[in-house]
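One-letter residues, chain by chain:
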Amino acid sequence: MGAPVDAILAWFAREGRALPWRESGASPWGILVSEVMLQQTPVSRVLPLWTAWMERWPTPGALAGATQADAVRAWGRLGYPRRAQRLWECAVAIEERFSGRVPSDQATLRDLPGIGEYTAAAVVAFAFGRRAVVLDTNVRRVLARIVAGTAAPAPHLTGAERALAAEVVPLDSATAATWNVAAMELGALVCTSRAPRCDACPASKWCRWLAQGRPVAASRRVASPWAGSDRQVRGRILALLRAASSPINVAGSSSLQDVEPGQLDRCIEGLVSDGLIHVSSAERGTHEL
DNA sequence: CACCCGTGGCC
DNA sequence: TGGCCAAGGGT
């Protein structure tokens, strides 16, 4: 896949967005923070928060010196607040184990809280300019279409997919890093899930999916309903506690009266068990971050 | 491996 | 209008 790779690299040089974590001055920590914030979250919502976060906590040591509650509160409504909790834990681990230096080894990164296969590879490539196989949902979709000729990748990452992706990544370190971000960018801007802009795609000449007339994707698994879900209730509880300056009686809160007591108790217990909220020692029956 | 975990915007 | 989607990770 040499020609399409070159075409996508050239396209990225022209059309790639200038995002702050892509600037040459961005630190490995700043890049790691951006990768965690971008997990399942659009760039547009990450941008303002990342800037404020990095201004407040520019290094792992700075974040490690704050409290988990500070981190969860600053995370605001970015979503999946456990990412904030784990990012804080990650900062503490980097400070304690590596004297505040973000490790450059992929397996070492993978062992840090909140850092999985994708994020470890992304930090290796984008923060340290080393060759890595970065396989996010964008790269998977781009490869599925161009190479496999299917509208969407399989539900879960397969070994064959990893092998194919590894074959495509250029051997040279710097080019490999650029390829990874370019493929992600193509998936984000052109080869999108919903309405791909094949007329603007630098790889359309080689795309098997386009050549086959863009066959539709196999039906996806149905998502569980959102309204009334535990996730929604947990989100409401956390929103309440983020805004509070003192412990709150969550179970008796007027703003949660519409939630069935059994579900409310279950969600409170779950959040406590997750370590996202804590029983307050100040007053019986109250909680805080 | 299947399932759970937030949030907001878009067509 | 509501189902779908967005640079996944943990259990």
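Before reading further, recall that the structure is shown in the block above.
The following refers to the structure shown.

Cut-offs applied
Residues numbered from 1 in each chain as written. Chains lettered and ligands numbered in written order. Predicted model: local features only at pLDDT ≥ 70, side-chain atom pairs only at ≥ 80, totals over all residues. Heavy atoms only, no water. Near = heavy atom within 4 Å. Polar contact = N/O pair within 3.5 Å; in protein donor to acceptor, adjacent residues only side chain to side chain. Helix = DSSP H or I, 4+ residues; strand = E, 2+ residues; numbered from the N terminus. Core = buried A, V, L, I, M, F, W, Y, C linked by side-chain atoms within 4.5 Å. Buried < 20%, exposed > 50% of the residue type's maximum accessible area, 1.4 Å probe, protein only. Domains from an automatic or database assignment. Contact = heavy atoms within 4.5 Å. Nonpolar A, V, L, I, M, F, W, Y, C, P; charged D, E, K, R; others polar.

1. Section: the protein's contact with DNA strand C
- Taken together, 27 residues surround DNA strand C, and among them Glu-35, Leu-38, Gly-114, Thr-119 and Asn-138 come closest.
- Expressed as a percentage, the sugar and phosphate content of the atoms of DNA strand C within 4 Å of the protein is 67%.
- The backbone of Thr-137 places a nitrogen or oxygen atom 3.5 Å from a phosphate oxygen of DNA strand C.
- Counting only elements with at least two residues in the surface near DNA strand C, the list comes to helix H8 (117–128), helix H9 (137–148) and helix H11 (173–189).

2. A closer look at the nonpolar core
- Membership of the largest hydrophobic core comes to 85 residues, with the highest contact counts inside it found for Trp-29, Leu-32, Trp-53 and Ile-237.
- Both domains that meet at this core, namely domain 1 (1–213) and domain 2 (230–288), each give it at least three residues.
- Other than its neighbours up to four places away in sequence, Trp-29 contacts Met-54, Trp-57, Pro-58, Thr-59, Pro-60, Leu-63, Leu-87, Ala-91, Ile-94 and Val-102.

3. Overview of the protein's contact with DNA strand B
- Around DNA strand B, 16 residues are found, and the nearest of them are Arg-77, Pro-81, Arg-82, Arg-231 and Arg-234.
- Close to the protein, within 4 Å, the atoms of DNA strand B are drawn from sugar and phosphate at a rate of 60%.
- For DNA strand B, a base nitrogen lies 3.2 Å from a polar atom in the backbone of Leu-78.
- In the environment of DNA strand B, a sugar or linking oxygen lies 2.7 Å from a nitrogen or oxygen atom belonging to the side chain of Arg-82.
- Ranked by residue count, the leading element in the surface near DNA strand B is helix H13 (residues 230–243), at five residues.
- Per-class residue counts for the surface near DNA strand B are four nonpolar, four polar and eight charged.

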